[in-house]
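Report on the structure
Each chain, letter by letter, is given below.
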Amino acid sequence: ADLQAMLVHAVEDEVIPSNPATRLGKYLPEKRHDADAGMMPFTAAELACYLEAMAEHYPQYYPHFLCLARTGMRQGEALGLRWEDFQFGRSPDDPYRFIHVQRTYDPVHNRMNTPKNGKTRRVDMAQDLKQVLLEWQARCFDVAVLAGQTTTFPVVFATSSGRPWAPARVFYVHKRVCALAGLRATRIHDLRHSYATILLYELKADLNAYLAGLGPSAKVRSLADVIAFNEREKAHEELEIQPLSEA
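Structural notes, computed from the coordinates. A quick note: this is a predicted structure, and the numbers were derived from the prediction, not measured.

**Overview of helix 5 (residues 127-146)**
Residue pairs three or four apart in sequence face the same way in an α-helix, which turns once every 3.6 residues. With 20 residues, helix 5 should reach 28 Å at 1.5 Å per residue; the first-to-last C-alpha distance of 29 Å fits that figure. Among all positions of helix 5, only Leu129, Lys130, Val132, Leu133, Trp136, Cys140 and Ala144 are buried. Taken down its axis, helix 5 places every buried residue within 165 degrees of arc, on the same side. Its buried side turned inward, helix 5 meets helix 3 (62-71), strand 1 (86-87) and strand 2 (98-101). Positive backbone phi, approximately 85 degrees, marks Gly148, located one or two places after helix 5.

Printed below as a string of structure tokens:
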């Protein structure tokens, strides 16, 4: 682990072009990897504590981890982001905000690939994430100007040479923050599960409580009612737009 960390720093400082330790796996027996095995997602309170510690101790990594926590993206997808993938909206109140996930970073071969399922997708951009990313963009531009450049690197989370950050270094920061925040050490991939779990269970409970308090005249009283209502409306709309058959 110490050797791996040393090599990661050497790559970031451009002492060596690539990390030779990342290719050792081809000499070892192949192991099947299940990214969903042993999931340990954070609760909403734990995630808030984690992000607070990240902002305090590793502010330069905060935009990256906030992006993971607020979108449910995979780490490779976040490391593969380019500035052109962001739609910030035309005004502060414009709800048309999203991130276009088009690629994932492969650190072993130092190249960009298509996302895991082979398809691109859009994910919503929360207001707080938008603000943090805009501040990060301004900081990257300032760094570029001081380095004598006229523009930032295309990659959002890039080293001084324009390469995506080394995943091993990012994981080291993640583990350090878990320890500093007094949280159990999880995988970075568990931030993806944290996003889904918080939306599915914790926010669902709050939404159901809110809907239940709307009174007996409300058309929807739970999340299940909202889904059923939307499905009925969708069916009605599809019937209305069906083309007329020729007589």
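Moving on from the model shown.
**Notes on the nonpolar core**
Ranked by internal contacts, the top residues of the largest apolar core, which has 42 residues, are Tyr50, Phe65, Phe86 and Ile99. When residues of this core are traced back to their parent elements, those giving at least two are helix 2 (44-57), helix 3, helix 4 (75-79), strand 2, helix 5, helix 6 (167-180) and helix 7 (190-212). Excluding anything up to four places from it in sequence, Tyr50 contacts Phe42, Phe65, His174, Val177, Cys178, Ala181, Leu183 and Leu191.

**Considerations on the environment of Pro154**
Secondary-structure assignment places Pro154 in the loop between helix 5 and helix 6. According to the relative accessible area criterion, Pro154 is partly exposed, its value standing at 46%. The sequence separation of Pro154 and Leu81 amounts to 73 residues, and the corresponding C-alpha distance is 8.5 Å.

**Description of the pattern of salt bridges**
Once their charged atoms are close, side chains differing in charge can pair, the charge on each being opposite to the other. Per the counting criterion, the structure on display carries seven salt bridges. With a shortest N-O distance of 2.6 Å, Arg103 and Asp85 are connected by a salt bridge. Residue Arg103 is located in the loop between strand 2 and strand 3 (104-106), and its partner Asp85 is located in the loop between helix 4 and strand 1; the two are separated by 18 residues in the primary sequence. Judged by relative accessible area, Arg103 falls into the buried class, the value being 12%. A network of salt bridges, in which partner residues are shared, links Arg74, Glu77 and Arg121.

**Structural notes on the side chain of Thr104**
Relative to the elements of secondary structure, Thr104 occurs in strand 3. Among the polar contacts listed, one links the side chain of Thr104 to the backbone oxygen of Gly76, at a separation of 3.5 Å. When sequence neighbours within four positions are dropped, the list of residues in contact with Thr104 reads Gly76, Glu77, Arg111, Met112, Asn113, Thr114 and Pro115.

**A closer look at the packing of aromatic side chains**
Following the criterion strictly, the structure yields 10 aromatic pairs and no others. Between Tyr58 and Tyr61, the aromatic rings sit 6.4 Å apart at their centres with planes inclined by 75 degrees, giving edge-to-face as the arrangement. Here Tyr58 matches Tyr61 in class, with each residue buried. Between Phe157 and Trp165 the ring centres are 5.4 Å apart and the planes differ by 45 degrees, which places this aromatic pair in the tilted class. A relative accessible area of 7% places Trp165 in the buried class.

**Some thoughts on the pairing of strand 2**
Sheet analysis places strand 1 next to strand 2, joined by two bridges and oriented antiparallel. Bridging from a neighbouring strand, Phe86 pairs with Ile99 of strand 2. Across four bridges, the pairing between strand 2 and strand 5 (residues 121-124) is antiparallel. In the strand pairing of strand 5, Ile99 is matched with Val123.

**A look at the sheet that holds strand 5**
Here three strands make up an open sheet; going across it, the order is 1-2-5 and the pairing antiparallel. The outermost strands of the open sheet, each flanked by one partner alone, are strand 1 and strand 5.

**Describing the packing of helix 3 against helix 5**
As a packed pair, helix 3 and helix 5 sit with axes 10 Å apart at the nearest point and diverge in direction by 155 degrees. The angle between the axes of helix 3 and helix 5 places the two elements in the roughly antiparallel class. Considering only the axes of helix 3 and helix 5, their crossing is left-handed. Here Tyr62, Pro63, Leu66, Cys67, Arg70 and Thr71 of helix 3 come into contact with helix 5, specifically with Asp128, Leu129, Val132 and Trp136.

Calculation notes
- Residues numbered from 1 in each chain as written.
- Predicted model: local features only at pLDDT ≥ 70, side-chain atom pairs only at ≥ 80, totals over all residues.
- Heavy atoms only, no water.
- Helix = DSSP H or I, 4+ residues; strand = E, 2+ residues; numbered from the N terminus.
- Expected span 1.5 Å × (residues − 1).
- Buried < 20%, exposed > 50% of the residue type's maximum accessible area, 1.4 Å probe, protein only.
- Arc of directions from axis to C-beta.
- Contact = heavy atoms within 4.5 Å.
- Core = buried A, V, L, I, M, F, W, Y, C linked by side-chain atoms within 4.5 Å.
- Salt bridge = Lys/Arg side-chain N within 4 Å of Asp/Glu carboxyl O.
- Polar contact = N/O pair within 3.5 Å; in protein donor to acceptor, adjacent residues only side chain to side chain.
- Phe/Tyr/Trp six-rings, centres within 6.5 Å; stacked < 30°, edge-to-face > 60°.
- Pairing = 2+ DSSP bridges.
- Axes fitted to C-alpha atoms, helices over the stretch in contact; angles between N-to-C directions.
- Parallel < 35°, antiparallel > 145°, perpendicular 65-115°, else oblique.
- Left-handed = near helix turned anticlockwise from the far one by under 90°.

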